[in-house]
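Letter by letter, the chains look like this.
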Amino acid sequence: MKPKFIAKIFIDIMMTVVLLFLMSYELIGQAVHEWIGIGIFILFVVHHILNGKWSKNILKGKYTPLRTLQTIIVGFVLLSMLGAMISGVILSRHALAFLPIRGGRSFARTLHMISAYWGFVLISLHLGIHWNMMMGAAGKFVKGSSKSRKWILRIFAVMIFVYGMYAFIKRDIGSYMFLKNQFVFFDFEESLFFFILDYMAIMGFFVCIGHYICVLLKFKYKFSKHQNLSN
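Residues numbered from 1 in each chain as written. Predicted model: local features only at pLDDT ≥ 70, side-chain atom pairs only at ≥ 80, totals over all residues. Heavy atoms only, no water.

Draft legend 1. Inspection of the pattern of salt bridges at higher detail. Under the counting rule described, the total for this entry stands at three salt bridges. In this structure, D198 and K170 form a salt bridge, with 2.7 Å as the shortest nitrogen-oxygen distance. Here D198, found in helix α9 (residues 192-230), pairs with K170, found in helix α7 (residues 147-170); they are 28 residues apart in sequence, far enough to count as distant. Owing to a relative accessible area of 4%, D198 belongs among the buried residues under this scheme. When its relative accessible area of 43% is taken as the criterion, K170 is described as partly exposed. With a shortest N-O distance of 2.4 Å, E190 and R171 are connected by a salt bridge. With E190 in the loop between α8 (173-177) and α9 and R171 in the loop between α7 and α8, this residue pair connects regions lying 19 residues apart in the sequence. (Salt bridge = Lys/Arg side-chain N within 4 Å of Asp/Glu carboxyl O. Helix = DSSP H or I, 4+ residues; strand = E, 2+ residues; numbered from the N terminus. Buried < 20%, exposed > 50% of the residue type's maximum accessible area, 1.4 Å probe, protein only.)

Draft legend 2. Up close: the packing of aromatic side chains. Across all of its chains, the model carries 12 aromatic pairs by this definition. An angle of 50° between the planes, with centres 5.5 Å apart, marks the rings of Y163 and Y166 as tilted. Residue Y163 and its partner Y166 are both found in helix α7; the two are separated by three residues, about one turn of the helix. Using a relative accessible area of 34% as the deciding quantity, one classes Y163 as partly exposed. Where F186 meets F195, the ring centres are 6.0 Å apart and the plane angle is 35°; that geometry is what we call tilted. Ring pairing ties together the aromatic residues Y25, F120, F186, F195 and Y199, which thus form one cluster. (Phe/Tyr/Trp six-rings, centres within 6.5 Å; stacked < 30°, edge-to-face > 60°.)

Draft legend 3. The packing of helix α1 (residues 3-22) against helix α2 (residues 30-50), seen in detail. At their nearest, the axes of α1 and α2 sit 9 Å apart, and the two run at 155° to each other. The angle between α1 and α2 falls in the class roughly antiparallel. As for how α1 packs across α2, the hand of that crossing is left-handed. Side by side, α1 and α2 meet where K4, A7, K8, I11, D12, M14, M15, V18, L19, F21 and L22 of the first sit next to H33, I36, G37, I40, L43, F44, V46, H47 and L50 of the second. Looking at side-chain class alone, the contact of α1 with α2 contains 14 nonpolar, three polar and three charged residues. (Axes fitted to C-alpha atoms, helices over the stretch in contact; angles between N-to-C directions. Parallel < 35°, antiparallel > 145°, perpendicular 65-115°, else oblique. Left-handed = near helix turned anticlockwise from the far one by under 90°. Contact = heavy atoms within 4.5 Å. Nonpolar A, V, L, I, M, F, W, Y, C, P; charged D, E, K, R; others polar.)

Draft legend 4. A look at the packing of helix α4 (residues 65-91) against helix α5 (residues 105-129). Contact pair α4 / α5: the axes reach a minimum separation of 7 Å and the direction vectors enclose 150°. Classed by the angle they form, the pair α4 and α5 counts as roughly antiparallel. The handedness of the crossing between α4 and α5 is left-handed. Classifying every residue of the contact of α4 with α5 gives 15 nonpolar, nine polar and two charged.

Draft legend 5. Representation of the environment of D12 within the structure. By the element assignment, D12 lies in helix α1. D12 gets classed as partly exposed once you look at its relative accessible area, which sits at 26%. Sequence separation between D12 and V162 is 150 residues, and the spatial gap between their C-alpha atoms is 25 Å. At 2.8 Å, the side chain of D12 and the side chain of H47 are in polar contact. (Polar contact = N/O pair within 3.5 Å; in protein donor to acceptor, adjacent residues only side chain to side chain.)

Have a look at this one:
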C-alpha cells in the first residue's frame, strides 16, 4: 500500500482512539482532556490535508443519494468539531489558560456538550459509511477467509449493535444531544476501562447504522438506475 494511504489509516485510528478518551472527560481529568482535545484538533487538520482531493472535488461530479449523505455528514462533523474547539478554548483552565478570554462560559459549556455528543455520533456514522473501504484495507493485511470467520464476525457485530443500543440508553446520550439534560453525569467510582468499552459499543452501534444506510442507498440507486434503463 502507498505511504499516504497508510498515513490516512493511522490518522483515522488515532482520531478514533483519542475521541473515545475525550468522551470520558472528568474520568481522565480536565487538564488531560484539554491536551487531548488539542491533539484531536491537530489530527483533524492532518486528516483533511491528507484527504484534500475530496475537498477539491466537492463541487465536481454527480451527486448520488449516498454522496449527498456523505457530504452532509462531513459538513455537520466539521461544524461540531468547530463548535467543540471554539467552546473548548473559552472553557480552558489549563492548556490555554493564558489566553485573555473572559465571560461566555455558560454558553460555551452548552455548546461544548452538544458539539461533543453530536460529533461523536456523526463521526461514528461517517465511519460506518466508509466501513467497506476500511475492511478492504484491513483485508490486505489478513490473508485468506472462511465462512466460519465471516459468521463469527457477523454474530460479533450483532452483539455490538445490541449492547451499543443498550449503552446509548443507559448512558443517556440522547438527553445530552438534545439538551434535555445540560449537565453530564460521571460516576467517579466507575472504571475508565468499562466506560471506554461502553462508548466503543455505542460507536459500533452507529457504525452499523451508517454501514447499512450506505448499503440501502447503494441498492436503491442501482435499482432505480436499472429501472430507468429498462424503461
